[in-house]
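Read off the chains here:
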Amino acid sequence: THYLLFQTAYSATTSTADKNILKILKYFEQQKVISKYPFAYGSYVADLKTIKNITLYNEYCIKILENLDGDMMKNLIENFPLHSEEKMLTEGPASQVSCDPEYVLSLLHHVLGSGEVEVRTILSHPISKVMLLALSSYDEVTRRVAYICLDKTSRMIEEEKFKEKSMCSYLFGMIENSITLVEERLPHLSTYFLGIMLHTLFTPHKHIYQNICHFLLQRPVFDFHDVPMFYSMFCSSTLHYKQDQNWLLEILCLAVRDEIDYKILSRRHVLPHCFSQMHCPDLDKHSLKLIHKLFRRVFSIKSAKVQKDLAESGITAIE
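Reading the values: rules and limits
Residues numbered from 1 in each chain as written. Predicted model: local features only at pLDDT ≥ 70, side-chain atom pairs only at ≥ 80, totals over all residues. Heavy atoms only, no water. Helix = DSSP H or I, 4+ residues; strand = E, 2+ residues; numbered from the N terminus. Contact = heavy atoms within 4.5 Å. Areas by Shrake-Rupley, 256 points an atom, 1.4 Å probe, with all protein chains shown as cover. Lys, Arg positive; Asp, Glu negative; His and termini not counted. Charge placed at Lys NZ, Arg CZ, Asp CG, Glu CD. Axes fitted to C-alpha atoms, helices over the stretch in contact; angles between N-to-C directions. Parallel < 35°, antiparallel > 145°, perpendicular 65-115°, else oblique. Left-handed = near helix turned anticlockwise from the far one by under 90°. Nonpolar A, V, L, I, M, F, W, Y, C, P; charged D, E, K, R; others polar. 1 Å grid on protein atoms, 1.4 Å probe; cavity = no way out; pocket = protein on both sides within 12 Å on 5 of 7 lines; lining within 4 Å. Points joined across faces, edges and corners; volume = space filled by probe spheres on them. Core = buried A, V, L, I, M, F, W, Y, C linked by side-chain atoms within 4.5 Å. Buried < 20%, exposed > 50% of the residue type's maximum accessible area, 1.4 Å probe, protein only. Salt bridge = Lys/Arg side-chain N within 4 Å of Asp/Glu carboxyl O. pLDDT = per-residue confidence, 0-100.

### Section: the overall build of the protein
Part 1: Scanning the protein from N- to C-terminus turns up 17 helices and zero strands.
Part 2: The dimensions of the protein, computed from C-alpha atoms along their principal axes, are 65 × 40 × 35 Å.
Part 3: For the protein, long-range pairs separated by at least 24 residues make up 70% of all intrachain contacts whose partners lie at least 6 apart in sequence.
Part 4: Looking at the protein as shown, the accessible area adds up to about 16100 Å², and 55% of this sits on carbon and sulfur atoms.
Part 5: Of the charged side chains in the protein, 35 are positive and 37 negative; the average position of the first set lies 2 Å away from that of the second.

The following block contains the structure:
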């Protein structure tokens, strides 16, 4: 009875209250008090009385997945915790709380294992971005779950029929062919780009769709030590050149998180390119704002090596 009370109070978020409730629920489980339907929470718990068998429960889990709060999922994707003990960057105001990454990954693992969800539902849902971002986690357990989900999703793509199957299959095959170590930790920058690319495959009406398909089909493997599409988008000569450049900058502002991401930027001389772009007469205010945001993101990296490198390069602050 007490377990159900706490399960009803839980909201599967990164709020302090939910973290404390989760600790209590884990304590119950250590005492062998385990819920028959662990993925139900909040108002969903009241509906459990109508569930008569595991098939109905699996269908209910799919419903829970589809109804995950969009804003909180967006916060999770934009600030995915790379370390298990890391606090969400947005933790604070209630409006900026995100979904709990452990809960989201566990729910995805269960739903994929049930075999009762269409793979297109997973691929087009923000949860697929979380799965890819989890490959950049420094926590081995998180990465292991993500790789299991990645493998299950890849097999489901080959077994099912849907409109975007060929490109999704190619993308997942590219990811698998690019991984050289068991449960390898991928750069956050790369996994963030992969999530963007995957979801773009479901929006062929956007002009960026052709650019991404062209990029993917040009190569059999994905270079995890490069900035995808940097020169083609940042130095675009198309009629949509400003849109292309801003698309890339917006991604980089969220994709750069640690020293490894910084090294990838350095390999392509991204910061010097951005710095020189700031002095172009035709640079619009939005692009300038994004460049400033990218520099602030880089300056916030807690690494003595990165800070030293920035100081030696002469780029120590952008007003």
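### Some points on the packing of helix H1 (residues 2-9) against helix H2 (residues 16-30)
Part 1: At a minimum axis distance of 10 Å, the contact between H1 and H2 shows a crossing angle of 150°. Regarding the angle of H1 to H2, the classification is roughly antiparallel. Where H1 crosses over H2, the two elements pack in a sense that is left-handed. Contact residues: His-2, Tyr-3, Phe-6, Gln-7 and Ala-9 in H1; Asp-18, Ile-21, Ile-24, Leu-25, Phe-28 and Glu-29 in H2.
Part 2: Of the residues that constitute the contact of H1 with H2, the class distribution is seven nonpolar, two polar and two charged.

### Some points on the layout of surface pockets
A probe as big as a water molecule, rolled over the atoms, marks out the empty space that is left.
Part 1: Looking at the second largest pocket, its volume works out to about 580 Å³.
Part 2: Lining the second largest pocket are 25 residues, and of these Lys-129, Ile-196, Lys-206, Trp-247 and Glu-250 lie nearest its centre.
Part 3: Listed by contribution, the elements that provide at least two residues to the lining of the second largest pocket are helix H4 (70-78), helix H10 (188-200), helix H13 (241-255) and helix H16 (285-299).
Part 4: With six residues, the single largest contributor to the lining of the second largest pocket is H13.

### Examining the nonpolar core
Part 1: Trp-247 and Leu-294 are the most contacted members of the largest nonpolar core, which totals 105 residues.
Part 2: With eight residues, H13 is the single largest residue contributor to this core.
Part 3: Among residues more than four places away in sequence, those in contact with Trp-247 are Phe-193, Ile-196, Ile-208, Ile-212, Met-229 and Met-233.

### Notes on unusual backbone geometry
A negative phi angle is the norm for most residues apart from glycine, just as the trans form is the norm for most peptide bonds.
Part 1: Residues other than glycine seldom take positive phi values, yet Glu-183 does so here, at roughly 55°.
Part 2: Phi at Met-229 is positive, roughly 60°, even though this residue is not glycine.
Part 3: Topologically, Met-229 is positioned in the loop between helix H11 (208-217) and helix H12 (230-234).
Part 4: With a relative accessible area of 5%, Met-229 lands in the buried category.

### Side note on the pattern of salt bridges
Pairing is possible between side chains that carry opposite charge, provided their charged atoms lie close to one another.
Part 1: Applying the stated criterion across every chain, the model contains nine salt bridges.
Part 2: The partner of Lys-26 in a salt bridge is Glu-102, and the shortest N-O contact between them spans 3.7 Å. With Lys-26 in helix H2 and Glu-102 in helix H5 (residues 101-114), this pair connects stretches of sequence that are 76 residues apart.
Part 3: Residue classification places Glu-102 among the partly exposed residues on the basis of a relative accessible area of 44%.
Part 4: One salt bridge in this structure joins Arg-120 and Glu-164, with 2.8 Å as the shortest N-O distance.

### Here we look at the confidence of the model for the protein
Part 1: With 94% of its residues at a pLDDT of at least 70, the protein reaches an overall mean of 88.
Part 2: Within the protein, the element-level pLDDT minimum falls on H1, averaging 83, and the maximum on helix H7 (residues 127-133), averaging 98.
Part 3: Segment residues 88-95: pLDDT under 50, and 15 contacts once partners within four positions in sequence are set aside and those in other chains are kept.

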